[in-house]
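# Commentary on secondary and tertiary structure
What follows is the residue order along each chain.
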Amino acid sequence: MVKNSTTLTFYGGVNEIGGNKILLQDRDTKVFFDFGMSFAMKKQFYSPPFLSPKSEKSLQELGILPQIAGVYKFDPSPPEVDAVFISHGHLDHSAYLSFIKREIPVYCGETTQTILQALSEIRRADLEFSVADIDFRTFRTGKKIRVDNLEIEPSHVDHSVPGAYGFVIHTSNGAVVYTGDFRDHGAKPEMTHDFVENAKNAKPVAIVTEATNMTGATVSSEAEVQGKLDSIVAQTDGIVLAEFAYSDVDRLNSFYHIAKKNHRCLAVSLKQAHLLDALQKDKGLRVPDLDDEGILIFRKSKKRFDKWENQLIEQYEGQNKIFDGFEVSKQQYKVVLALSFYDFEELISLQPAAGSCYVLSASEPFNEEMEIDYERLINWLSHYGLPQYHVHVSGHMMPLQLKAALKEINAKKIFPIHTESAGLFAKFMRDLKGQVTLVEKCKEYTL
Ligand SMILES: [Zn+2]
Ligand SMILES: [Zn+2]
C-alpha cells in the first residue's frame, strides 16, 4: 500500500549521543539519514578487544543493530530503501554502513568518502566498519539530489571533522531539516550560518536537531583554543604531548600553527599522516602538507607495519621526516608530539625531559573506556612528572546558540536527538513556536 504521508522513524540517536539512524519515508520513497554505530549500546555488552561481537547476529540479538527489513547485506530479501545519506565521517553516524546492502547507493560529501576510505584502510578487516564495495555518490554544498519523490539539498556545517553537512529535504508534505552534528564556534562558523539560512528559507515543517551539549555547555571557540595552546607551548621547556581526535583537522591545524609560531615541529602519528595525505587533494580544507618542514611523522616502535604504513615510511624516510621515540627524545624542546594515551608505551624510549607537559585536547574523558583508563593516565603522568592541561572546545552547538538557530529556522515540529537530555531541551525550548517531540525509538512519526 502506498501511503501519502511523510514519516520519520528513529532507529538510533534516541536518548544517547550518536548512533543516528533516521528513516524518512515519503509515499513509497525511503531514505536513511546516517547509519551510525551506537557506542552507548555497544558498551552495555562489549569490552573490546577481548569481548567483541563476532557477527551481525550478535549485534541484532542484543538490539545494537536494529531489525529493519530490506536494508542489510546479510538479509536475502530485495532492498527496501532507496538511498542512505551520511552527514559526516564520525563513526557514530557512519560505521554501520558496513552492514548496508551494496546495491543501495550511499550519498556523502567528497571529504567524508575520503575519510571513511582512509579509516577503513587503517582499521583493516573489521566487522563493524568496512566500506568495501559501497556505491558512494558524493556531493558538495549547493548540489541538489533527487531520490524519487524527494529532493535533498546538502549544506555544509562546521563540526569537529571536515566534510560535515546538514540537509534540507523537500518532501511531498513540506521541507524537513536535519542538522547532523554542528556548531558555530569552530574554525568555520560561516558554514553553519549558511546552513541555518538555507534551512530557514525552506520554511520547514520539521527539524531533526542534535542537542548534545545541554548539560556541559561552555563559552569558547577554536580561536580561543589556539590562544591557550600558544601560551602553553611558549612556556614549556621540554616536549609538549598533545592528545586530540585524529580526524579533528581543525585542532590539528591549531597545533600546527602554534607549534610553528613557537619554532617547533608538529609530529603526527602515521595514522594522522595517512589521513592528511588523503585530504591533501581538497585544497579548500587547507590541511598542512606532509612535505612542510613544520610536520614530522612519528613512528611507533613495533615489529610489523601494515602496507599503508610502510608506504608512508618509504615515501618520507628519505626526507628525514620519520622519527621514533629515541630521535624525538634528543630534541624535545623543538617538538609538539601528537600522542594518544594508548601509545604511552612510547614514553619509555622518549623519556620526557623536566618541564614537559601533556595537553588533553579532546572531550574529557572521551568515552567509558577512557573513564576506566583515567586513573592509568594519571599514573603515567605522575611517573614522568607531566602536568595535564585540558584545552578543548566541543564539536557541538551550545544551548543558547542552538536555541537562536532553531528560532530562526522556525520549523513547526522539532525532534531533538543525539542527546541524553531531551527533556531538559524540551523545557529550555518551550517558548519557541515549534512543538518539541520527545522521540521514542522505532516509533513512526507522521509529519
Ligand atoms: Zn555525533
Ligand atoms: Zn560528529
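This is a predicted model, so every value here is computed, not measured. (Residues numbered from 1 in each chain as written. Chains lettered and ligands numbered in written order. Predicted model: local features only at pLDDT ≥ 70, side-chain atom pairs only at ≥ 80, totals over all residues. Heavy atoms only, no water.)

### Re the coordination of the zinc ion (ligand 2)
Put simply, the rule reads: A donor here means an N, O or S atom no more than 2.8 Å from the metal, or no more than 3.2 Å when the metal is Na, K or Ca. Since water is not included, a site may seem to lack partners. For four-coordinate sites, all angles between 85 and 135 degrees define a tetrahedron; for four- and six-coordinate sites, opposite donors beyond 155 degrees with the remaining angles between 65 and 115 define square planar and octahedral shapes respectively, and all other cases count as irregular. Secondary structure is summarised from DSSP: a helix means a run of H or I of at least four residues, a strand means a run of E of at least two, and numbering begins at the N terminus for each. Relative accessible area decides the class of each residue, using a 1.4 Å probe on protein chains only: under 20% of the type maximum gives buried, over 50% gives exposed, and in between gives partly exposed.
All of the protein donors around the zinc ion (ligand 2) are H88 (NE2), H90 (ND1), H159 (NE2) and D181 (OD); their distances to the metal are 2.1 to 2.3 Å. Taken together, the 4 donor atoms coordinating the zinc ion (ligand 2) and their angles of 90 to 165° define a geometry best described as irregular. The motif formed by the donor residues of the zinc ion (ligand 2), counted along the single chain, is H-x1-H-x68-H-x21-D. Between the zinc ion (ligand 2) and the zinc ion (ligand 1), a separation of 3.4 Å is found, and both are coordinated by D181. Here the residue H88 occupies a position in the loop between strand 4 (83–85) and helix 3 (91–94), and H159 occupies one in the loop between strand 8 (150–156) and strand 9 (165–171), the gap between them amounting to 71 residues. Per residue, the accessibility class of H88 equals that of H159, and both read buried.

### A look at the sheet that holds strand 2 (residues 21–26)
What counts is decided by this rule: The pairing criterion is simple: DSSP has to find at least two bridges between the two strands. Between N-to-C directions, angles span 0 to 180 degrees; the directions come from axes that are lines fitted to C-alpha atoms, helices contributing only their stretch in contact.
Across the sheet, which stays open at both edges, the 7 strands sit in the order 6-5-4-3-2-1-21 with mixed pairing between neighbours. Looking at strand neighbours, the two that pair on one side only are strand 6 (136–139) and strand 21 (444–446), the edges of this open sheet. Strand after strand, the sheet turns through a mean of 25° between neighbouring axes, direction not considered. Alignment of strand 1 (residues 6–12) against strand 2, held across 6 bridges, turns out to be antiparallel.

### Considerations on the sheet that holds strand 8
Which entries qualify depends on this criterion: Working rule for contacts: check all heavy atoms of both residues, and any pair within 4.5 Å makes them a contact.
The mixed open sheet is built from 7 strands, whose spatial order is 7-8-9-10-11-19-20. The sheet terminates laterally at strand 7 (145–147) and strand 20 (435–436), the two strands that pair on one side only. Note: strand 7 against strand 8, 3 bridges, orientation antiparallel. In the strand pairing of strand 8, I145 is matched with I152. Of the strands in this sheet, strand 8, strand 9 and strand 10 (174–178) are in contact with helix 5 (residues 189–201), which crosses strand 8 at around 150°.

### Quick look at helix 4 (residues 110–122)
Put simply, the test is: Multiplying 1.5 Å by the residue count of a helix minus one yields the expected span of that helix.
Over its 13 residues, helix 4 runs 19 Å from end to end, which matches the ideal 18 Å to within 8%, given 1.5 Å per residue. Buried within helix 4 are the following residues: T111, T112, Q113, T114, I115, L116, A118, L119, S120 and I122. Summarising the contacts, the buried residues of helix 4 are in contact with helix 3, strand 5 (106–109), strand 6, helix 8 (270–279) and helix 9 (307–317). Remark: R124 follows helix 4 within two positions and exhibits a positive phi of approximately 55°.

### Here's the deal with the coordination of the zinc ion (ligand 1)
Looking at the metal site, the zinc ion (ligand 1) is ligated by D92 (OD), H93 (NE2), D181 (OD) and H418 (NE2), spaced 2.1 to 2.4 Å from it. The sequence pattern describing where the donors of the zinc ion (ligand 1) fall on their chain is D-H-x87-D-x236-H.

### A look at the pattern of salt bridges
Formally: Each salt bridge in this description consists of a side-chain nitrogen of Lys or Arg and a carboxyl oxygen of Asp or Glu lying within 4 Å of one another.
Scanning the entire structure with this criterion turns up 19 salt bridges. The closest approach of N and O atoms between R140 and E110, which form a salt bridge, is 2.8 Å. Residue R140 is found in the loop between strand 6 and strand 7, and its partner E110 is found in helix 4; the two are separated by 30 residues along the sequence. Overall, R140 belongs to the partly exposed group, its relative accessible area being 39%. The salt bridge involving D135 is made with R137; its shortest N-O contact spans 2.8 Å. Connected via shared salt-bridge partners are E110, R140 and D282.

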